[in-house]
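Chains, contacts and geometry: an overview
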Amino acid sequence: MRAAAPPYNRTRMATKTEGIAEARAGFRLGDWLVEPSLNRISRGGAAVQVERKVMDLLVYLAGRAGEVVDKREIQDAVWQTEFVSYNTVAGRVSELREALQDDAREPRYLETIHGRGYRLIAEVRHSTGPDADAAVLAAGPQEGSDERPPYPGLASFTEAD
């Protein structure tokens, strides 16, 4: 008998700021080098550009590596207040698999857990130490990002607040 899926936990809904330091510094996913600030993954001299939402999806899953992540949680974390169809997540997962040259039937990076969500199964290694901190500072905000606050004229809270 199949175990029931855990209930959807909206209070656990993530924000794009989770894991941002690791994301800007880049990380390794198996034998791929992931560079979120450039929307690029590379391996063995070959580089693949991915769309921003595909990279956001990968960064979010890397922050939860090894865990089964519900599709609704992914949708809330990556698309936040944007209205998107339920199939949008599946479409971006498909694009991510294509970029990683992964096979849904025999996954090496991203596993589908039918009826529940997705799980990143490849090893994720984040850079750490002083060199990584310098890379984070050098990366700065993404150029060309169309991210803006949902309420014009209001500033976000900072850690000082």
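The paragraphs below set out a description of the structure included in this document.

Before going further, it helps to spend a moment on the pattern of salt bridges. Summed over all chains, the structure comprises 11 salt bridges. Taking the shortest distance from any N to any O, the salt bridge between Glu-82 and Lys-53 comes out at 3.1 Å. A residue pair is termed long-range when its members are at least 10 positions apart, and Glu-82 in the loop between α3 (71–78) and α4 (87–100) and Lys-53 in helix α2 (residues 52–63) qualify at 29 residues. Residue classification places Glu-82 among the partly exposed positions, given a relative accessible area of 41%. Several salt bridges converge on common partners, so that one network encompasses Glu-51, Arg-92 and Glu-95.

This part is about the sheet that holds strand β8 (residues 124–126). Taken in spatial order, the 5 strands make up an open sheet running β4-β3-β2-β1-β8, and their pairing is antiparallel. Two strands close off the open sheet at either side, each with one partner strand: β4 (46–49) and β8. Strand-to-strand twist in this sheet, taken as the mean axis angle between neighbours without regard to direction, amounts to 25°. When strand β1 (residues 27–29) meets β8, the two strands line up antiparallel, connected through 3 bridges. Within β8, the residue paired with Arg-28 across the bridge is Arg-125. Relative to the sheet, α2 contacts β1, β2 (32–35), β3 (40–43) and β8, its axis offset from that of β1 by approximately 85°.

A word on the packing of α2 against α4. With their axes 9 Å apart at the nearest point, α2 and α4 run at an angle of 85° to one another. Of the possible angle classes, the one that applies to α2 and α4 is roughly perpendicular. Contacts between α2 and α4 involve Lys-53, Val-54, Leu-57 and Leu-58 from the former and Arg-92, Val-93, Glu-95 and Leu-96 from the latter. A per-class count over the contact of α2 with α4 returns 5 nonpolar, no polar and 3 charged.

Cut-offs applied
- Residues numbered from 1 in each chain as written.
- Predicted model: local features only at pLDDT ≥ 70, side-chain atom pairs only at ≥ 80, totals over all residues.
- Heavy atoms only, no water.
- Salt bridge = Lys/Arg side-chain N within 4 Å of Asp/Glu carboxyl O.
- Helix = DSSP H or I, 4+ residues; strand = E, 2+ residues; numbered from the N terminus.
- Buried < 20%, exposed > 50% of the residue type's maximum accessible area, 1.4 Å probe, protein only.
- Pairing = 2+ DSSP bridges.
- Axes fitted to C-alpha atoms, helices over the stretch in contact; angles between N-to-C directions.
- Contact = heavy atoms within 4.5 Å.
- Parallel < 35°, antiparallel > 145°, perpendicular 65-115°, else oblique.
- Nonpolar A, V, L, I, M, F, W, Y, C, P; charged D, E, K, R; others polar.

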